[in-house]
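Single-letter residue listing:
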Amino acid sequence: SQKIEQNSEALNIQEGKTATLTCNYTNYSPAYLQWYRQDPGRGPVFLLLIRENEKEKRKERLKVTFDTTLKQSLFHITASQPADSATYLCALVDDAGNNRKLIWGLGTSLAVNP
Amino acid sequence: DSGVTQTPKHLITATGQRVTLRCSPRSGDLSVYWYQQSLDQGLQFLIHYYNGEERAKGNILERFSAQQFPDLHSELNLSSLELGDSALYFCASSGTRNYNEQFFGPGTRLTVL
């Protein structure tokens, strides 16, 4: 079956360090993958989209890589700050059949300690 | 502020009842998506409308239905409510029909007692 997996354990890091979050998927060949941030009780906020022909994408302190051979995306936050503490979700489009839909990982909780 | 509005913010009701959740997308966005989020299941895609037409269905129960009106706002109707329907319901909108860069509303927290 088709699946997205993200680190289920919370990630705790020290302020200033780089946080690296992982998103693995099976049985998909997505054309692109998206990363969102979600704070408790609030809706997800779009961060980055990376296409299958892009190996890496950057936005300010954020960097995303996409390895279609490994079926994996890595999400990096450099020079992390306590304000980066949140849950980070990856999502990709499932094109199976004629019913296109967006599939979400369960998210990884990041805590940046001052 | 994403520009997507949802009402009500909170809803408490009893089993067997019917409720309607409302969503207004960002100005100009033609796509509206509905999601259910519970603690143990994460974000579950329910349904997608584009410019008034249903585009895709996810894990939406037969007791649930939705529509998108000519002014592009959308409503999600939940009937014969069960305890397990308690969750956060999010609406999102985007300017395309490709599921890219979705803008989420603040959600409606539904509690079924």
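Structure: see above.
Residues numbered from 1 in each chain as written. Chains lettered and ligands numbered in written order. Predicted model: local features only at pLDDT ≥ 70, side-chain atom pairs only at ≥ 80, totals over all residues. Heavy atoms only, no water.

1. Some points on the overall build of chain A
Phase 1 of the analysis: In terms of helices and strands, chain A carries zero helices and eleven strands.
Phase 2 of the analysis: Relative to its length of 114 residues, chain A is compact, with a C-alpha radius of gyration of 14 Å against a globular reference of 13 Å.
Phase 3 of the analysis: On the principal axes, the C-alpha backbone points of chain A span a range of 45 × 30 × 20 Å.
Phase 4 of the analysis: Per-residue burial for chain A yields a buried fraction of 45% across its 114 residues.
Phase 5 of the analysis: For chain A, the computed accessible surface area is about 5,800 Å², with 47% contributed by carbon and sulfur atoms. (Helix = DSSP H or I, 4+ residues; strand = E, 2+ residues; numbered from the N terminus. Rg over C-alpha atoms; globule rule 2.2 N^0.38 Å. Buried < 20%, exposed > 50% of the residue type's maximum accessible area, 1.4 Å probe, protein only. Areas by Shrake-Rupley, 256 points an atom, 1.4 Å probe, with all protein chains shown as cover.)

2. Some thoughts on the pattern of salt bridges
Note on pairing: side chains with opposite charge can pair once their charged atoms come close.
Residue and element names in this part refer to chain A.
Phase 1 of the analysis: Counting across every chain of the model gives nine salt bridges over all chains.
Phase 2 of the analysis: For Lys 3, the salt bridge identified is with Glu 5, shortest N-O distance 3.4 Å.
Phase 3 of the analysis: Given the relative accessible area of 43%, Glu 5 is considered partly exposed.
Phase 4 of the analysis: With a closest N to O distance of 2.9 Å, Glu 56 and Arg 58 form a salt bridge.
Phase 5 of the analysis: In this structure, a network of salt bridges that share partners links the residues Glu 56, Arg 58 and Lys 63. (Salt bridge = Lys/Arg side-chain N within 4 Å of Asp/Glu carboxyl O.)

3. Structural notes on the nonpolar core
Phase 1 of the analysis: Counting residues in hydrophobic clusters, the biggest one holds 24 residues, and the most contacted among them are Ile 4, Leu 33, Trp 35, Phe 75 and Tyr 88 of chain A.
Phase 2 of the analysis: Counting residues per element, the ones that place at least two in this core are β3 (19–26), β4 (32–38), β5 (45–51), β7 (62–67), β8 (72–77), β9 (86–94) and β11 (108–113) of chain A.
Phase 3 of the analysis: If near-sequence neighbours (up to four positions away) are discounted, Tyr 88 of chain A is found in contact with Gln 6, Leu 21, Trp 35, Tyr 36, Arg 37, Leu 47, Phe 75, Ile 77, Gly 107, Thr 108 and Leu 110 of chain A.
Phase 4 of the analysis: Counting 21 residues, the second largest nonpolar core, distinct from the first, contains Val 19, Cys 23, Leu 46 and Val 112 of chain B. (Core = buried A, V, L, I, M, F, W, Y, C linked by side-chain atoms within 4.5 Å. Contact = heavy atoms within 4.5 Å.)

4. Things to note about the pairing of strand β10 (residues 101–104) of chain A
Both faces of the sheet carry side chains from a regular strand, because those side chains alternate between them.
All names here are of chain A.
Phase 1 of the analysis: In β10, alternate side chains face the same way, and those of Lys 101 and Ile 103 on one face and Leu 102 and Trp 104 on the other are all buried.
Phase 2 of the analysis: One ladder, built from four bridges, connects β9 with β10; its direction is antiparallel. Opposite Leu 92, over in β10, you have Ile 103 as the bridge partner. (Pairing = 2+ DSSP bridges.)

5. Examining the sheet that holds β7 of chain A
Residue and element names in this part refer to chain A.
Phase 1 of the analysis: The strand order across the open sheet built from five strands is β1-β3-β8-β7-β6, with neighbouring strands paired in antiparallel fashion. Only two strands of the sheet have a single partner each, and these edge strands are β1 (3–6) and β6 (56–59). On average, each strand axis in the sheet is tilted by 15° relative to the strand beside it, whichever way the strands run.
Phase 2 of the analysis: Pairing analysis gives four bridges linking β6 to β7, with the strands arranged antiparallel. (Axes fitted to C-alpha atoms, helices over the stretch in contact; angles between N-to-C directions.)

6. Here's the deal with the sheet that holds strand β1 (residues 5–7) of chain B
Residues and elements named next belong to chain B.
Phase 1 of the analysis: In space, the four strands of this open sheet follow the order β1-β3-β8-β7, with antiparallel pairing throughout. Only two strands of the sheet have a single neighbouring strand rather than two, namely β1 and β7 (64–68). Averaged over all adjacent pairs, the angle separating strand axes in this sheet is 15°, with direction ignored.
Phase 2 of the analysis: Where β7 and strand β8 (residues 74–78) come together, five bridges link them in antiparallel fashion. If you follow Gln 67 over to β8, its bridge partner there is Glu 75.

7. Looking at the interface of chain A and chain B
Phase 1 of the analysis: Contacts between the two partners involve 19 residues from chain A and, on the opposite side, 21 residues from chain B.
Phase 2 of the analysis: Buried surface at the junction of chain A and chain B, summed over both partners, amounts to about 1,500 Å²; 54% is from carbon and sulfur atoms.
Phase 3 of the analysis: Our count for the contact surface shared by chain A and chain B stands at zero salt bridges.
Phase 4 of the analysis: Across the chain A-chain B interface, the total number found is four residue pairs in polar contact (both at pLDDT 80 or more).
Phase 5 of the analysis: Top element by residues in the side of chain A that touches chain B is β4 of chain A. It accounts for four residues.
Phase 6 of the analysis: Residues that form the side of chain A that touches chain B fall into these classes: ten nonpolar, five polar and four charged. (Buried area = accessible area lost by both parts, 1.4 Å probe. Polar contact = N/O pair within 3.5 Å; in protein donor to acceptor, adjacent residues only side chain to side chain. Nonpolar A, V, L, I, M, F, W, Y, C, P; charged D, E, K, R; others polar.)

8. Concerning the pairing of β7 of chain A
Residue and element names in this part refer to chain A.
Phase 1 of the analysis: The antiparallel pairing of β6 with β7 creates a hairpin that spans two residues between the two strands, and Glu 60 there sits at a positive phi of about 55°.
Phase 2 of the analysis: Across six bridges, β7 lies against β8 in antiparallel orientation. Considered in β8, the bridge of Val 64 is made with Phe 75.
Phase 3 of the analysis: The hairpin formed by β7 and β8 contains four residues between the paired strands, and Lys 71 there has a positive phi angle of roughly 55°.

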